[in-house]
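# Remarks on the overall topology
The chain contents come next:
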Amino acid sequence: MTSYTDQTIKQCDLIIAGGAAVGLALAVALKHAAPELRINVVDTTSQSSTSTKNTQAFALSAASIRMLEQLQCWKHIKPHAQPIHSIIITDSRLNDPIKQTLLTFEGDITPNEPFANMVENKRLISALKQRAKDLHISFIEKTTVVHFHQENQHTTVTLSNKEIWQTKLLVAASGAHSTLGEKAGLKSFSHSYTQTAITCIIEHEKSHYGQAIQHFFPAGPFALLPLKGNRLAIVWNEKHHTAQYYLKADTLIFEAEIEKRIGHQFGKLSWNGERQAFPLVLSLANHCIKPRFALVGDAAHTIHPIAGQGLNLGLRDSAALAEVIIETARLGLDIGSMTALERYQSWRRFETVGMALSNDWINRLFSNDILLLRLFRDVGLGLINQMPKIKKYFIQEASGLTSNAPRLLRGLPL
């Protein structure tokens, strides 16, 4: 084992590896509830920067918004957020002249509280970073965790900038391609889809009225998600080779393909030329904790984006882990102990596995053109559309306001 002199080692209570939404939310939640905690966010970007991913936007559930309200971030995001007032779902072929609506959802969770709001990633990151700055959370910028090892009372963490830290707990919030779980010896199940998600933002002539649309095409789902103003965030799932063609296609071809899928209901469309691609993977860590180490967000699980719940699952991780850490600290106990971390893992395991498998099943059911399956799913959607109680249940689940939700997600302080 490498030996260090005492002078080279710095001390803190918690290191969060990852400066995106899930890691920032965890840091803000902890510092907001316990200002005495010494927290470092190890971020590959600089604190002054927002996201360069200008094509990304997320459907934040009502529960996630309640959390952001508790963290005093939502007031800065709300002016840029677009409430989702309704959802329509079709099961169509690409060249169908009319894409028949089979299922609709609409209505608020509580008066004037929609079940979700669309928020651009850059707005979310900017608000969380500003709140972290206001709380005097320490950022170690343009840096990564390169090595760590657990000891009885702490974890020793070596950073790419050569700094060495001793911390009670290291949390990996470093995204889908994080290697920290592997370095910790945590194994995971992984399955690559045959689909790539293309994301972009388009402007249009006619109002979207806060309506989200999910077209199920044989190649994969195609989602139109309303943004503030006459804009739509597109999440377009295609087979890998087809997606690569569209990513390299010139502007006219790309716009024509979007218009073919959307139709003319929004009038004239325009696109700013930005597009991104994300190969889709289902991954689940077998265990998301070790002594003094925990995974949150995409570092612990990635799911198909068919229901738009990936970020919400990550924020639920942050809310649950923050609650466990704060309650443990207030009892004067060790926040990095397995006793504390096992509570977090057991709290989150059922929901993340359930969400991953259900999204996988829905994608398999709809991403094909098999006649018998098409008949089965279309009859099923039509039946659900005639059952208000079932529809209300689905909306409640999508809102994240479930009985076992962490306190922050129910709008309660830690």
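Residues numbered from 1 in each chain as written. Predicted model: local features only at pLDDT ≥ 70, side-chain atom pairs only at ≥ 80, totals over all residues. Heavy atoms only, no water.

For clarity, the cut-off: UniProt positions are given in the numbering used here, feature names are shortened, and annotations may be inferred rather than shown by experiment.
Under an unreviewed UniProt entry, the name given to the protein chain is Ubiquinone biosynthesis hydroxylase, and the organism recorded is Bartonella bilalgolemii. As its UniProt record puts it under Cofactor (unreviewed entry), the protein chain is described as follows: "FAD".

## Concerning the overall build of the protein chain
Our working rule: Helix and strand definitions here come from DSSP, where helices need a minimum of 4 consecutive H or I residues and strands a minimum of 2 consecutive E residues; each element is numbered from the N-terminal end. To get the radius of gyration, use the C-alpha atoms; to get the globule rule, take the number of residues to the power 0.38 and multiply by 2.2 Å. The classification of residues rests on relative accessible area computed with a 1.4 Å probe and restricted to protein chains. Under 20% of the type maximum is buried, over 50% is exposed, and intermediate values are partly exposed. Residue burial considers only the protein chains on display, and all accessible areas are found by Shrake-Rupley using a 1.4 Å probe. His is not counted, nor are the chain ends; Lys and Arg add positive charge and Asp and Glu add negative charge. Note on charges: their place is set at NZ of Lys, CZ of Arg, CG of Asp or CD of Glu.
For the protein chain, the helix and strand inventory stands at 11 helices and 22 strands. In terms of overall dimensions, the protein chain is globule-like: its C-alpha atoms have a radius of gyration of 22 Å, near the 22 Å expected for 414 residues. Each principal axis of the C-alpha atoms in the protein chain carries an extent, and together these give about 70 × 45 × 40 Å. Counting across all 414 residues of the protein chain, residues that qualify as buried make up 53%. For the protein chain, the exposed surface amounts to about 19,000 Å²; the carbon and sulfur share of it is 55%. If the 43 positive side-chain charges of the protein chain are averaged to one point and the 35 negative ones to another, these points end up 1 Å apart.

## Quick look at the sheet that holds strand 3 (residues 57-61)
Defined as follows: Here a strand pair is declared whenever DSSP counts at least two bridges between the two strands. Contacts: residue pairs with any heavy atoms within 4.5 Å of one another. Here, axes are lines fitted to C-alpha atoms. For helices the fit covers the stretch in contact, and angles between N-to-C directions go from 0 to 180 degrees.
One open sheet holds the three strands; their spatial order is 3-9-4, and the pairing between them is antiparallel. Two strands in the sheet have a free side with no partner beyond their single neighbour: strand 3 and strand 4 (82-83). As paired strands, strand 4 and strand 9 (residues 116-120) are joined by two bridges and run antiparallel to one another. Following the sheet pairing, Pro 83 is matched in strand 9 by Asn 117. Running at roughly 85° to strand 9, helix 4 (residues 121-134) makes contact with strand 3 and strand 9 of the sheet.

## A few points about the pairing of strand 14 (residues 188-204)
Pairing geometry for strand 14 and strand 19 (residues 276-285), over nine bridges, is antiparallel. If you follow Thr 199 over to strand 19, its bridge partner there is Gln 276. Bridge count for strand 14 against strand 17 (residues 231-239) is nine bridges, and the pairing is antiparallel. The partner of Cys 200 across the bridge, within strand 17, is Ile 234. Strand direction decides the pairing type here: strand 14 and strand 18 (residues 269-271), joined by three bridges, are antiparallel. Residue Ile 202 lies in a different strand from strand 18, and its bridge partner there is Trp 271.

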